[in-house]
Amino acid sequence: MNRDDHIDNLKKQYADGIFEAYLECEHESGTVDTPELKSRLERLGKAASVEGIHPAEFHELVFGVLPHDIVISLYPEEFGKTAA
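Residues numbered from 1 in each chain as written. Predicted model: local features only at pLDDT ≥ 70, side-chain atom pairs only at ≥ 80, totals over all residues. Heavy atoms only, no water.

1. So, the packing of helix H1 (residues 3-25) against helix H2 (residues 34-50)
- Packing of H1 against H2 leaves a shortest axis separation of 9 Å and a crossing angle of 165 degrees. Judged on the interaxial angle alone, H2 and H1 are roughly antiparallel. In terms of crossing hand, the pair formed by H1 and H2 is right-handed. Of the residues in H2, those in contact with Tyr14, Gly17, Ile18, Ala21, Tyr22, Glu24 and Cys25 of H1 are Glu36, Leu37, Arg40, Leu41, Leu44, Ala47 and Ala48.
- Looking at the contact of H1 with H2 residue by residue, the class counts come to 10 nonpolar, one polar and three charged. (Axes fitted to C-alpha atoms, helices over the stretch in contact; angles between N-to-C directions. Helix = DSSP H or I, 4+ residues; strand = E, 2+ residues; numbered from the N terminus. Parallel < 35°, antiparallel > 145°, perpendicular 65-115°, else oblique. Left-handed = near helix turned anticlockwise from the far one by under 90°. Contact = heavy atoms within 4.5 Å. Nonpolar A, V, L, I, M, F, W, Y, C, P; charged D, E, K, R; others polar.)

2. Some remarks on the confidence of the model for the chain
- Considering every residue of the chain, the mean pLDDT works out to 91; 94% of them sit at 70 or more.
- Considering each helix and strand of the chain separately, the mean pLDDT is smallest for helix H5 (residues 76-79), with a value of 85, and largest for H2, with 97. (pLDDT = per-residue confidence, 0-100.)

3. Here's the deal with the pattern of salt bridges
- Here the structure, examined in full by the defined rule, presents three salt bridges.
- For Glu57, the salt bridge is made with Lys11, and the minimal N-O distance between the two is 3.1 Å. Of the two residues, Glu57 is situated in helix H3 (residues 55-65) and Lys11 in helix H1; the sequence distance between them amounts to 46 residues.
- Look at Lys11 and you get partly exposed, because its relative accessible area is 22%.
- Between Arg40 and Glu24 there is a salt bridge whose closest N-O contact spans 2.3 Å. Of this pair, Arg40 sits in helix H2 while Glu24 is found in helix H1, placing the two residues 16 residues apart along the sequence. (Salt bridge = Lys/Arg side-chain N within 4 Å of Asp/Glu carboxyl O. Buried < 20%, exposed > 50% of the residue type's maximum accessible area, 1.4 Å probe, protein only.)

Here is the structure:
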């Protein structure tokens, strides 16, 4: 297995971990414990970085896996910018 295949496999594993964290933080009422989810994602991101996934790539995984409204609530600073 070459390095690219290894990284692709890691990304798939972390994408699964991101989605699992989301499901674990979702309540029966449909609300999501956003602070807990963000904390779990930060821990996953640190582990991913140690294994060779660049932080920007991990961030892209989060954006690709989670529903858009959840991403906005996790990272409002990235969506709060207004056009000049």
